[in-house]
Amino acid sequence: MRVLIVSQYFWPESFRINEVAKTLLEKGVEVEVLTGKPNYPQGAIFSGYRAWGCQRETYKDININRIPLLARGGRGGWRLALNYLSFVVSGLMFAPWMLRKKKFDVVFVYAPSPILQAIPAIFLGWLKGCPVVLWVQDLWPESLSATGYVRNHAVLKMVEWVVRFIYQHTDLLLVQSRAFEEPVRILASKIPIAYYPNSVDEAFCVPTVVAVPDIPGLSKGFSVMFAGNIGVAQAVDVIVEAATLLKDHTDIGFVVLGQGSRWEWMRQEVETRGLTNLDLPGRFPVEMMPGLMQKASALLVTLTDQPIFAVTVPNKVQAYMASGKPILACLNGEGARVVIESEAGLTVPAEDAKGLAVAILRLYEMNPVEREKLGSNGRHYYKTHFNHDQLVDQLIEHFQLVSQSI
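Residues numbered from 1 in each chain as written. Predicted model: local features only at pLDDT ≥ 70, side-chain atom pairs only at ≥ 80, totals over all residues. Heavy atoms only, no water.

The protein carries the name Glycosyltransferase WbuB in an unreviewed UniProt entry, which gives Sulfuriferula nivalis as its organism.

What follows is the structure, given as structure tokens:
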């Protein structure tokens, strides 16, 4: 079977699709990738690449076709919109030429924001005469409104029309959260929908062999670690507030790993409030994350109090479960449900700083055996429901079924 993966993001950017592609290849699937020029999350084109021009390279024996892309830049909404649109335009203009004379059985779209990246994939599916499978990671237009990038009602309605067009011109829709099924169905009409969750690399389940730096906040006392993008959606305000409420508990510390649009704000708040219990060491390579998570006492996930995020399961939940560490989940809906169902940690409502502080104290006051039990519950749930190898087998089955039905 030959599969074309279309994704605006791919190695050396750190996204889930990297491991999926590698494992598909290991299982005998011929994989080729169409992507842009790496620029996430810093917003500038990575060293060794250029924004203009088409490029070809390989990663783990996977052929990668890179099309021109305008870097996302800083926080500006217009620059981000141009980044999204540049991939669509380049995909329509250059992808047919780069992939000429190549045949595929399935076009597979990995679709975190922007879902617009599915447009050139649909066109390629039509050109190649093969089905298109879309893995929905984010709900549009809801996420645009929730993150504040788009507030104009007319623009949101236009985006909704585009999303409806995309859904209805695919052959199978995979959704990362069971709660996605209903909102996707409203726009997808009769297109088949299947639940297909995220996973993480198996390195998160086993002791790391990658050397990790010594981060002071992780090497003493009871450490609560947040890892990932530091943006509006993550409601990092609640972390600052909880750290403020707990600053007199000198044995409890917060470590926030990552970068994003709210990192500088957090740094300023740490300085203004004199928070010696909140460390912001920055972003580290994904290869180091399993080892760094093992150093933490508990792992924290936060999201804003928005309806869109109540139906989302952040991918870090799977990573946290695989690591075998107790989870502190300050969010609503499906993500909280998974933590509760797995008995992997404690949950509090989204943006509830006081509740989060109370939960941290409760976890801190547990004996080590109780905390270890929460961590082992999470790892067991991960292996049962989110095992990477088993999920890739399911993905191949989806490909086989949809290719046979066309």
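Having put the structure on the table, let's press on.
Attention now goes to empty space enclosed by the protein. Under the counting rule described, the total for this entry stands at one cavity of 30 Å³ or more. Here the largest cavity defines a volume of roughly 30 Å³. Around the largest cavity, the lining residues are Arg16, Val20, Trp135, Tyr196, Pro197, Asn198, Ser199, His388, Leu391 and Val392. Looking at the lining of the largest cavity, the element that brings in the most residues is helix α15 (residues 388–405), giving three residues. (1 Å grid on protein atoms, 1.4 Å probe; cavity = no way out; pocket = protein on both sides within 12 Å on 5 of 7 lines; lining within 4 Å. Points joined across faces, edges and corners; volume = space filled by probe spheres on them. Helix = DSSP H or I, 4+ residues; strand = E, 2+ residues; numbered from the N terminus.)

Structurally, Thr23 can be placed in helix α1 (residues 17–26). For Thr23, a relative accessible area of 5% puts it in the buried group. Within the local environment of Thr23, its side chain forms a polar contact with the backbone oxygen of Glu19, the two atoms lying 3.0 Å apart. Other than its neighbours up to four places away in sequence, Thr23 contacts His388, Asp389 and Val392. (Buried < 20%, exposed > 50% of the residue type's maximum accessible area, 1.4 Å probe, protein only. Polar contact = N/O pair within 3.5 Å; in protein donor to acceptor, adjacent residues only side chain to side chain. Contact = heavy atoms within 4.5 Å.)

Applying the stated criterion across every chain, the model contains 17 salt bridges. For Arg2, the salt bridge identified is with Glu30, shortest N-O distance 2.8 Å. Highlighted residues: Arg2 in strand β1 (residues 2–6) and Glu30 in strand β2 (residues 30–35), separated in sequence by 28 residues. Assessed through its relative accessible area of 43%, Glu30 is described here as partly exposed. Residues joined by salt bridges that share partners form a network here, namely Arg2, Glu30, Glu32 and Lys102. (Salt bridge = Lys/Arg side-chain N within 4 Å of Asp/Glu carboxyl O.)

This part is about the layout of surface pockets. Each pocket or cavity is described by its volume, and for the second largest pocket that value is around 560 Å³. Around the second largest pocket, the lining comprises 18 residues; the ones closest to its centre are Ala81, Leu85, Val150, Val155 and Val159. Residue assignment for the lining of the second largest pocket shows that the elements contributing at least two residues are α2 (77–98) and α5 (153–168). When residues in the lining of the second largest pocket are grouped by element, the largest group, eight residues, is from α2.

Below, the discussion takes up the UniProt feature "transmembrane region" (unreviewed entry) in the protein. The sites that UniProt annotates as "transmembrane region" (unreviewed entry) are residues 81–99. For residues 81–99, helix accounts for 95% and strand for 0%, while the C-alpha atoms at its two ends are 26 Å apart. (UniProt positions renumbered as here; feature names shortened; annotations may be inferred.)

Between the first and last C-alpha of α15 there are 26 Å, a value that for 18 residues agrees with the 26 Å anticipated at 1.5 Å per step. Here α15 has its buried residues at His388, Leu391, Val392, Leu395, Ile396, His398, Phe399 and Val402. Here the buried residues of α15 occupy an arc of 155° about the axis, which is enough to place them on one side. Opposite its buried face, α15 presents the exposed residues Leu401, Gln404 and Ser405, each directed more than 90 degrees away. Residue Asn387 occupies the N-cap position of α15, its side-chain oxygen lying 3.1 Å from the main-chain nitrogen of Asp389. (Expected span 1.5 Å × (residues − 1). Arc of directions from axis to C-beta.)

This part covers the environment of Ser405. In this structure, Ser405 sits in helix α15. Given the relative accessible area of 56%, Ser405 is considered exposed. In terms of polar contacts, Ser405 uses its side chain to reach the backbone carbonyl oxygen of Val402, at 2.8 Å.

All right, on to the packing of aromatic side chains then. One pass over the full model with this rule turns up 15 aromatic pairs. Here the aromatic rings of Phe15 and Tyr40 are separated by 5.1 Å at their centres, their planes lie at 55°, and the arrangement is tilted. With Phe15 in the loop between β1 and α1 and Tyr40 in the loop between β2 and β3 (55–59), the pair connects residues that are 25 residues apart, well separated along the chain. Arranged with centres 5.5 Å apart and planes meeting at 75°, the rings of Phe222 and Tyr364 form a pair that is edge-to-face. Taken together, the residues Phe222 in strand β9 (residues 222–227) and Tyr364 in helix α13 (residues 353–365) connect sequence positions 142 residues apart. Classification of Phe222 as buried rests on a relative accessible area of 4%. (Phe/Tyr/Trp six-rings, centres within 6.5 Å; stacked < 30°, edge-to-face > 60°.)

Taken domain by domain, the protein comprises domain 1 (2–199 + 387–404) and domain 2 (203–386). Of the residues lining the interface, 24 residues belong to domain 1; the matching set on domain 2 comes to 20 residues. Taking both partners together, domain 1 and domain 2 bury about 1,700 Å²; carbon and sulfur atoms supply 54% of that area. Here domain 1 is connected to domain 2 by zero salt bridges. Elements that contribute at least two residues to the side of domain 1 that touches domain 2 include exactly α4 (142–146) and α15. A per-class count over the side of domain 1 that touches domain 2 returns nine nonpolar, eleven polar and four charged. (Domains from an automatic or database assignment. Buried area = accessible area lost by both parts, 1.4 Å probe. Nonpolar A, V, L, I, M, F, W, Y, C, P; charged D, E, K, R; others polar.)

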